[in-house]
Amino acid sequence: MDIGSWGEIYMNWFLKGLKKGIKTEKFPKTNPIDIAPWSTELNGSGNVNCPTKAIDNESWNSERCIYCRRCYPLYSPTGNIDIFKVNKKNNIFRRSFYVYPIDIGTCGGCNLELKLISSPQYDMTRFGIFFTNTPRHADALIIMGIMTEGMKEPLLNAYEAMPEPKLIIALGVCAISGGILGTGSQIKPDVIIPGCPPNPYTILKALIEAKGDKE
Amino acid sequence: MIYFIYLLFILSIFLSIFEKKIGYALSAITSIIFVYYGITIGNIYGYFFIISGLVWLFSSIFSIFYDTYGRWLSPLFITSILGMAIALTARTYIEFLAGWEIMTIPAYAIIGLNRKLDSPAFIFMGFGELSTILIFAGFIYAYTTSNSFYFTALDTYIPLIVVTFGFMIKMGIFPFLVTEWLPIAHGNSPANASAILSATMTLVAAYGIVKMMLLSPDIPILGYILMGIGGFSIFFSALYAYISEHVKGLLAFSTIENNGAILSAIGVYMTYPTKTIAEFALDVIVTFAFAHSIAKTGLFMISGTVEGEALSKLKIIRNKLGEIGGILLASSMSGLLPNIGGVATWSLLESLFMEAYILHSTLSSISIITGSVIAMGEGFASAAMIKFISYTQVFKGITGKSAKITIFSIIGFVILILGSLSYLLFRNFIYGVPSLGIPNGFIIISEYSSGKIFGDISPFYVLILIVVFSLLTLGIFGKPKVRKTNTWNNGIKPREEYTAFAFANNIRLMLSKLLRTEIKGDSLETSTNIFWKVMYYIAKKYVSFSRRLARSYMNSSISWYIIYMILAFILITILVVIL
Amino acid sequence: MISVFLETIIQAIGVILVSPLYSGILDKWKANVASRKGQSIFQPYFDIFKLLKKETTVSSNASSIFIYTPYVVFSTYIVISLVIPVVYPEPILLTPTVDFLGGALLFSLAGFLKIIEAMESGSNFVALGSARAASFSFLGESTLITVFFAVALITGTNNPYIEHEFAQIPQYYLALDHILATVAFFMLWLFETGKLPVESSGLAELGMIDDALIYEHSGKPLALLKWGGYMKQYLLGSVLLNVFLLPWGMQLGVLGAMEDIGIMFIKWLFLLFIALVIDTSLAKLRLFKVQDFLAVAFVLSITSLLLSVIQNA
């Protein structure tokens, strides 16, 4: 390293942070900056051999698609991120929404995407959404991954330990319908966020709507 | 009247040989009469009588439900109480010594018969007799200077010094903390006997020092020594209490710690900075005695209601009343308001720092260091009490009821009420600020000379305010909706439990130099015997030195012996010529 | 008489209502330094209001002591808010209840009750955190007591209001013992309120000290404990500001009491800025190094005590 960057490395995080400035984007008030095309809505026509039966009678079922791209280029992504479904929401979480993520058998992809929404670009904390490490403080349980034997009891324990009112969120196709490997979670979800892995914009919009904010 | 009390005790000893419960009941009634006697006496010694009477009352009632031992426990128990009563009310040196021995020997028998182990009883007896020897020597000197067997004012301070060290041994204070004799002794006896040993035997020792102190002239240097010793012993015994694994051993270390606090207060009185501070110090001694003795009785009763002796492996019965009582007792022992323990801690620290302020010289550094060390010791005591109460009352267990639990809960409430009654102990230091809502008579102040107030406290108001505000909070926020579930253990089945041993592991590792912690295989071993190691080292060095010295001049060579004889002859001739 | 009553109400209400705001401001600034837009400064209020509406789940080990002790802890903090100069610079109703040392003992009482009722839940993580909190309490409590006495030994009284007036004198303010006591108290404040470098209130359970005590609570008791935590931060920090760091500028009178809430806000921004710089520059200390941190604070306060009496010998 040369002399110029030596000063940079020595500067502490406080000054570095001030120098960088605030990098949060203004989504969802404005349009998203860049959307990864896969994990958005698919559209097209034709018969394909979908491994999870997500394409049935020329209609695409978002809750089963694992984005393996076998149907490409007959079916292609549209860039529409609104593929989530919110069946139940609660207004008291409008300003303060603590979520407890539980991984019952993932490949790690959903965890990475979920963690991403706390990064500076997406910044979920400006909506009052926070992660917590105990279900007793949590308002929503985010279930990721397929149901495995060893996690059956911890999942039920976590569900029991949460105080009412609570929401169950199924993140990723594995938790909704089992993906390609197994079955979905045993507990019926209130909010469904499909995708494999789901787009961070989708996750953010779904959480915002689940907590009662109309954007 | 006092002979009537003796008679009743002797009667209860005989009764208890035949029928335990009646014997205990009679000794309880006698204790009430003793308390009344203490109230009528009226001077500072009366407080000691009241404290002892209350302790005996509670432990006798507890013994009715607790005593499932053989026939030997109750007569020995009541005989020990009788000895203490004689020692407290003694008017001559001989009566005091008689009471002292009558108190000690049954206690030795109880410890020895409890588990048929010899060494704790012998250790107890050894140190007990050592203290008796010192007290005896002190009294003999006092008799020779004052020519009277009665306790009268003396004009030399030598008896005070000797007697103080004798009593200090009985209180279990450093430097005789070395073999932890007090925790070993108190830890190996039944709970009711431990209660009277810890609470009142050490109280008699403190009473002895106070009595001799009030009859002797001032000696400030002894006061500083006592302050230093008191502070040091508070720190170390509180530390050992925190890492102790034995239910009764923990409480015994806590006894040593509180006795160290009483000793520091005695030290403040002896240094006599101003008259006001000295009077305050006397009140501190009495308050500490109250706080310690009664709370310690309750805590030993808690140790009597659990099964087992290692804190990590207890079987406990959980009861809400017991928990509340236990929390009240523990908070008093930790020196927290609004219990009387809080008043005691507050007043001790205030008196030490007032003295530092008044003296304003390098000598006040002793007060400051003592005060800071005492503050650290109180922190450890608080942690030790948290550990004790958590693992004997709170952490896990089966719910149940028991009469024994009701008794110590009553003591817990007594402690709370005593906190609000502590105004009676500080008669000359009562104050009030009506313009700010506290009428006259509800504030205890600490003054260092008349009119100059250092600090103030109002335990009654603290209690009232906390209760009122809690009810207000409950009213405003409402009761919560409760649903019972399993404990959340991060989804893992709770196979293992966070034990009491683990609770103190932080300190074992952080202060590893002080505690000589060693990691052997899987387990940690600490040693509370660093003093013993130092003493042993010094003793070995002395023995080898003396052996070398003896060998060097007793060297079995005739020529040297002839030289010695000639030297001695010359010396004697010179002495005879001079004198 | 009426004016004293009003000043009392303003002080108590001011402490209770305004204390979560400072935590919110600090969190927002921390987020900004981390290049995020961050949550609103009123986020602690939103959290508390939401928690008040949720139900309370307790473990089967716990009894009603677990549920109701948070109310007692909260009321202890209210009592403390009446006895130290946190808003109004003159004694108000019920101030002589305790002096400075008594205030330190009341803080210890609140901590003691929190730890015991947390152990009621029977959870191993809570026991872990309680053991740590208890094992550092010996240095924390003793530093709190000795720092309060450091000021008392200069002024000759343990009355916090007189000390507040005394600290405004420049030659006393710049004396070495006062500076040492200020530094010691600042380090203690960082520890007691769970800030870096002592504790990071993040998501790792195995690193928690203070957070473990609220781990098993939910619903209303959790809201009260969190609020109590904010009040404790405000009380200790206000003592630091009003008696040690920035004792100037407090107004009298009923109108002055209301202005004082605003003046305290400005002083707090200064303290929060210092806390922000430390928070974003340092990493969390290893657990056993926390003892070193506290031991330094303790030794500084003892040195301040010794200097204050020996200096004028």
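All values derive from a computational prediction rather than experimental measurement.

Overview of the environment of I116 of chain C
Piece 1. Summarising the element assignment, I116 of chain C is placed in helix α4 (residues 100-119).
Piece 2. Under the C-beta neighbour-count criterion, I116 of chain C is labelled buried, with 24 such atoms within 10 Å.
Piece 3. Here the alpha-carbon distance between I116 of chain C and L307 of chain C, two residues 191 residues apart in the chain, equals 38 Å.
Piece 4. When sequence neighbours within four positions are dropped, the list of residues in contact with I116 of chain C reads I327, I386, I389, S390 and V394 of chain B.

Description of the interface of chain A and chain B
Piece 1. Each side of the interface is counted separately: chain A has 8 residues, and chain B has 4 residues.
Piece 2. For the side of chain A that touches chain B, a count of residues per class yields 4 nonpolar, 2 polar and 2 charged.

Notes on helix α2 (residues 43-52) of chain C
Residue and element names in this part refer to chain C.
Piece 1. Among the residues of α2, Q43, P44, D47, K50 and L51 are the ones counted as buried. The buried residues of α2 occupy one face: seen down the axis, they fall within an arc of 130°.
Piece 2. Where α2 is buried, its residues meet α1 (2-33) and α9 (220-245).

Looking at the interface of chain B and chain C
Piece 1. At the interface, 75 residues of chain B touch 76 residues of chain C.
Piece 2. Here the element with the most residues in the side of chain B that touches chain C is helix α15 (residues 364-394) of chain B; it accounts for 15 residues.
Piece 3. Grouping the amino acids of the side of chain B that touches chain C by side-chain chemistry returns 41 nonpolar, 24 polar and 10 charged.
Piece 4. With 4 bridges connecting them, strand β6 (residues 482-485) of chain B and strand β1 (residues 56-59) of chain C associate as parallel partners. In the strand pairing of β1 of chain C, V482 of chain B is matched with T56 of chain C.

Some thoughts on the sheet that holds strand β8 (residues 140-145) of chain A
Residue and element names in this part refer to chain A.
Piece 1. Read across the sheet, 6 strands follow the order β5-β10-β9-β8-β6-β7 without closing on themselves; strand pairing throughout is mixed. The two strands at the open ends of the sheet, each matched to only one other strand, are β5 (85-86) and β7 (129-131).
Piece 2. Those strands touched by helix α3 (residues 109-116) are β6 (97-105), β8 and β9 (167-171), and its axis lies near 140° from that of β8.

Topic: the confidence of the model for chain C
Detail in the predicted coordinates should be disregarded across regions flagged by low pLDDT.
Residue and element names in this part refer to chain C.
Piece 1. Scored by pLDDT, chain C has a mean of 84; 97% of the residues are at 70 or more.
Piece 2. Taken element by element, chain C is modelled with least confidence in helix α6 (residues 160-166), mean pLDDT 75, and with most confidence in α2, mean pLDDT 91.
Piece 3. Across the interface, the model reports ipTM at 0.89; the global pTM reads 0.88.

Overview of the packing of helix α14 (residues 340-359) of chain B against α15 of chain B
All names here are of chain B.
Piece 1. Here α14 crosses α15 at 160°, and the two axes come no closer than 8 Å. What the angle tells us is that α14 and α15 run roughly antiparallel. Regarding α14 and α15, the two cross each other, and that crossing is left-handed. In this structure, α14 contributes T345, L348, L349, L352, F353, E355, A356 and L359 to the contact, and α15 contributes S364, S367, I368, T370, G371, I374, A375 and E378.
Piece 2. Classifying every residue of the contact of α14 with α15 gives 9 nonpolar, 5 polar and 2 charged.

What counts, and at which threshold
Residues numbered from 1 in each chain as written. Chains lettered and ligands numbered in written order. Predicted model: local features only at pLDDT ≥ 70, side-chain atom pairs only at ≥ 80, totals over all residues. Helix = DSSP H or I, 4+ residues; strand = E, 2+ residues; numbered from the N terminus. Buried ≥ 20, exposed ≤ 12 C-beta atoms within 10 Å, placed from the backbone. Contact = placed C-beta atoms within 7 Å. Nonpolar A, V, L, I, M, F, W, Y, C, P; charged D, E, K, R; others polar. Arc of directions from axis to C-beta. Pairing = 2+ DSSP bridges. Axes fitted to C-alpha atoms, helices over the stretch in contact; angles between N-to-C directions. pLDDT = per-residue confidence, 0-100. Parallel < 35°, antiparallel > 145°, perpendicular 65-115°, else oblique. Left-handed = near helix turned anticlockwise from the far one by under 90°.

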